[in-house]
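Residues per chain, in single letters:
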Amino acid sequence: MAGQIFWDILVLTVAVLLVHVCEAEANYFAETTKALEFSYVYSDEPVHHIKRRSTEAHTDYIVEIEINASSIFVIDEIKKELNRIQNDPPVANLTILETNFTTVCSFFNSIYQCRCEAEYFWPCAMCENNGSCNTADAADACSCIKAKPSGQFCQKKSNPACTQPTTVPPPPVYGKVISMQLRMRNKRFDTSLTNPKDQAYKDQAEIIMSAINKGYGSFFGYIKNSVKVIGFRPGSVMVDYTINATDNSFDFKAANSIVTNILMNSTDNFAQSEPKLLNTTRDAVYPLQSMTLKCPESTVINAIQWSVNEKEPDLDKYCRYACTLVTDSIPIIQWQNIVIEKQPQIDVKGDDLRVFPCDGRTIQLNCCVNTNHFIEWVLLGKVETSGLGCVTFDYKTDNVLCGEKIFTCRLQGLEQLYKYSYSMRDVTIETKAKDPEYTCEKNVLGIGKENETKEGPCDNGMEGNITYKCQKGTWNEIQDNCVVKVIDDLETESQVLDEKEIPKFVESLSNATEKSNSIITKSVATVQTVVDILTTIAEVSENIFIHKPVIEGFLTTVDNILSDESANTWEQLNNGNQAEKNTSVELLQAIEDISSHLSAGNFDITKPNIQLNRNVTDGILTTFSVTSQLQDSTSQIVIPNVPNSTSITIIIFTDIGNVLPTRNTSVINTGTSVNRINGDVIVVQVEPPLNNILLTFDIKNTSLGNPECVFWNFTLDRWDSTGCKVKFYLKENVTCECDHTTSFSILMSPFEFTNPEELKALAYITYIGVAISITSLILCLIIEKIVWKSVKRNDTSYMRHVSIVNIAVSLLIANICFIIGAAIADQDIKQGLMISVARCSPVVFFMHFFYLAVFFWMLISALLLLYRTVVVLAQMSRTIMRVIGFTVGYGAPLLIAVITVASTAGPKNYVSKENACWLNWTESKALLAFVIPALTIVFINLVVLIVVVCKILRRGVGAASQPAERPIFIVIARCLAFLTPIFGLTWGFGIGTMVSRDFGIHVVFALLNSLQGFFVLVFGILLDGKVREVLGGKLSLSSLSSSPTRSTNPGVSSSSGLGLFARLRRNVYNVSNPSSSRPTNSSGASENLMNP
């Protein structure tokens, strides 16, 4: 019972002190978050903290309380309050016998001094161990020590004498602490002034303190060297400082005038600054709420002026609210820092209206708030469930009574905010009987009709929503607006960002993007949000200077969102960007803006893909130059004849060019640009401006030509070459000369010939040729279908036609993929974008695979010819030949294509980013995975042809072969003899287009490449006599077949016009003539007499 009484007394006493004393503390030190603390200890032991004395009538307690305050004025107020409650106790039946202060500790000259009050002393050992701060004539008692012992206080002693006197300097005179402020005119606030450890802060504080000491030193009452700079604030530069004075009645006007003269008239607006409690409600203030501020009364005032952060009042964020009392002597500013609470944003994780089947199912309702508040689900005025931050309510629907019910998620215990819309969100749950119109269903979204859209929740750790559309009975995601939570929180915080808060905020942003980089770079909405935050930072810092740590954190964030992992994200962002300004352009604008007002001084910053050089010249007409130290970059900036005190900022980016638009400087958004950013992007800021800047860019893709020196024109929203020209153009670099400063780069086109007529001619040749090729291949397959039964009667003919069919199918699919890839590339080029890696990659894979399959099936044909010509006795079954054919024909291309993807897809260098959907050449040389196998097969086929021709020309070779198969050799040889050089020549010219800008080479390549299907039809099908014969019989067209008369004249058919192959056939026929007279049922007998 006694213990409970003690705690009641203690709590009430402390409560009274808190109510009456905290106001005093707040008045003087409202910015100090933990300026006033109470410590008390309860124990049954008779220690000096608490003692209990009991009698029969009452129980006595001695309570010792430790108070941590920031001013001697607060201690004085506490003494007054204790005297008051001693005479008027706050609890009935409570008598306060006496109140005493025993110990007062203060921080002076970098050490603590703990001084005992009257009649209280330290044990002598405390002076011996810690040193005494008493004067020499009072050394017989230990009443002040140079330390702050933990948990120990001065004790009441009857004999305070100590045996060992100490001699120390005289005790300091504390006086009264007077808070002051001044403004430094014509000086911009620098973010370095937010950090007391920064050298710029120390230097500026020392200048101010030195001037004030000199200016105030001659006035009576001012304690010399007592001035202390408390901090700096934006508003030009506002300086808060304190002085100690024995009284505050000396002439401030005269003293401040002297300080102004010492600082060369760079200061004004001297004022006495007093923290006061202005918000009389004492409650937390939320957005849209009314707030009453009361300026404490003063007896000597002429007028009262209100301000917020030295500006007009604005109730939307953390601000310094102040009323200025205009007096005859010096203005008295009474102020209070008032925090406007963060506006709660309630997220119900989905649409406000959700429809579900009326089947008795349980529906889960989720609700979260972005602040540290309790929230609750309410149904029909009844609170169903509540929780801190997030709350889930499982609602079981009725399977009989269908209809609507409205659920409300609201802030708990904040009824005063219920009149504001942000305090609650309603969700309507509608249950319906089964309806065939509702074709889509998902547990979170409910049911929906075709083409209806709904919003769904994001995954854990993400904020925002995902938009779904009902399509063919399925809810399909059409837009992801989810933002990583830490970035979403920072975006909310950025809306009320203050100049003074920029350093810590930028540090938080750079840390967040670094730690969550793998998640952020895969989220389009998050990258967009980060760019928006960076833009806000640049806007807020418009009127201040940015020092190195801030710009370093800013560039770290930029580097993080431009990493290789974000390539696909930027591609989606730029392709689907509906905003007025392209996101990448918005980012470039933010970089230019913030880099235009960096702090004076020289410093360098290097990130993996960004280099910044900041210099202020100190010579006379010097030449300034910077060379890139970044990987794979030797870009150089040279500025001749730079005068003294010129501020120069250079920022080199090696990767931002990958995400910027490539719109042509001569065409504004017409969609006809074929230019590419082919060098680093360099931001140049010079103050005062200069009109002669030389920039040397590395050429990233040497296959491009026609360089153009450009800068991004934010007014025209495009690249512009005004004021820039090409000074030197070498194979590996381009030197530009410009007469102004901004963001520079070089544009180069895929072809040096940029004549629209030439480009149009190439396009016509390509598309018409591909159309002919596709038509020819379809005809080829139709003919093979017609003649298939007739041509598969012997093994050699069967495998030849299997090869032809697979060559036609592979080439047909490859051509279709070519058309798709061309459409994708054309669309991106028209929008001024890089080729879409995500959309091109599947197309390129199949093109690579099927074009290789064409060559490998040609190889199968060559090997078949070699096998049937050289190997006479041993025979291979059709099954084995088919297995070998399909394994080599499709297995080898598949293996090569997969290895190519695996080795180049990681660094995003699988697909060309230039002017077509095809294998990359510039970065990874992935194109070699097609060129090398193709040309190797061409070489092998040529060797096989030479071997076969030599064998056939030798009399007697092949005598043991079946007579029906000999003409097939000729057909195969003739097909290979034509197709192999044509296909080889085609891709030979293809390589030529990569190293030559000659228009003729491009035309020849376009013709040969687009007509490959036509060549297969002619040389693989139509020149085969057997095929023509069968077609003639099938279609009853005698004109398509040769005369059936038996003849041994090899030159009867004029359709071939090939003397060499006619002679080859004659030799084969003559050698095998004896066996040709044998009766046979095979169609090969007539085949010997036909013109192949």
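Provided above is the structure to which this section pertains.
What counts, and at which threshold
Residues numbered from 1 in each chain as written. Predicted model: local features only at pLDDT ≥ 70, side-chain atom pairs only at ≥ 80, totals over all residues. Heavy atoms only, no water. Buried < 20%, exposed > 50% of the residue type's maximum accessible area, 1.4 Å probe, protein only. Helix = DSSP H or I, 4+ residues; strand = E, 2+ residues; numbered from the N terminus. Pairing = 2+ DSSP bridges. Expected span 1.5 Å × (residues − 1). Axes fitted to C-alpha atoms, helices over the stretch in contact; angles between N-to-C directions. Parallel < 35°, antiparallel > 145°, perpendicular 65-115°, else oblique. Contact = heavy atoms within 4.5 Å. Nonpolar A, V, L, I, M, F, W, Y, C, P; charged D, E, K, R; others polar. Disulfide = S-S within 2.5 Å.

Chemist: How should the pairing of strand β21 (residues 374-379) be read in this particular structure?
Modeler: Consecutive side chains of a regular strand alternate in pointing toward one face of the sheet and then the other. Taken across its 6 residues, β21 has 5 buried, putting it largely inside the fold. In terms of strand pairing, β21 meets strand β22 (residues 382-388) through 6 bridges, oriented antiparallel. When the bridges of β22 are listed, Glu 376 appears paired with Ser 386. As paired strands, β21 and strand β24 (residues 404-411) are joined by 5 bridges and run antiparallel to one another. Paired with Ile 375 across the two strands is Leu 411, which belongs to β24.

Chemist: How should I be thinking about helix α12 (residues 583-595) in this particular structure?
Modeler: Count 3.6 residues to each turn of an α-helix, and residues three or four apart come out pointing the same way. For α12, spanning 13 residues, the distance from its first C-alpha to its last is 18 Å, which sits close to the expected 18 Å at 1.5 Å a residue. The buried fraction of α12 is high, at 12 of 13 residues. What α12 keeps buried is the set Thr 583, Ser 584, Val 585, Glu 586, Leu 587, Leu 588, Gln 589, Ala 590, Ile 591, Glu 592, Ile 594 and Ser 595.

Chemist: Hey, could you run me through the packing of helix α11 (residues 567-575) against α12 in this one?
Modeler: Packed helices, taken two at a time, are described by their axes: the angle between them and the distance between them. As a packed pair, α11 and α12 sit with axes 8 Å apart at the nearest point and diverge in direction by 105 degrees. With respect to α12, the element α11 is oriented roughly perpendicular. For the pair formed by α11 and α12, the contact residues are Trp 570, Leu 573 and Asn 574 on the first element and Thr 583, Ser 584 and Leu 587 on the second.

Chemist: Help me out: how do you make sense of the packing of helix α9 (residues 524-540) against α11 in this one?
Modeler: Put simply, α9 and α11 touch, their axes get as near as 9 Å, and they point 80 degrees apart. For the element pair α9 / α11, the angle class is roughly perpendicular. Residue-level inspection shows Val 524, Val 527, Gln 528 and Val 531 of α9 in contact with α11, the latter providing Thr 569, Trp 570, Gln 572 and Leu 573. Split into classes, the residues belonging to the contact of α9 with α11 amount to 5 nonpolar, 3 polar and no charged.

Chemist: Mind showing me how you'd approach the state of the cysteines here?
Modeler: Using the criterion set out here, one finds 10 disulfides in the structure. A sulfur-sulfur separation of 1.9 Å characterises the disulfide bridge that pairs Cys 458 with Cys 482. Disulfide Cys 458-Cys 482: the torsion about the S-S bond is -95 degrees, which places it as left-handed. With Cys 458 in the loop between β28 (453-456) and β29 (462-463) and Cys 482 in the loop between β31 (474-480) and β32 (483-484), this residue pair connects regions lying 24 residues apart in the sequence. Residue classification places Cys 458 among the buried residues on the basis of a relative accessible area of 14%. Paired by a disulfide, Cys 840 and Cys 917 hold their sulfur atoms 1.6 Å apart. Across the S-S bond of Cys 840 and Cys 917 the torsion is about -45 degrees, and the bridge reads as left-handed. Here Cys 917 lies in the loop between α16 (878-904) and α17 (928-953) and Cys 840 lies in helix α15 (residues 837-870), a separation of 77 residues in the sequence. Cys 917 gets classed as buried once you look at its relative accessible area, which sits at 6%.

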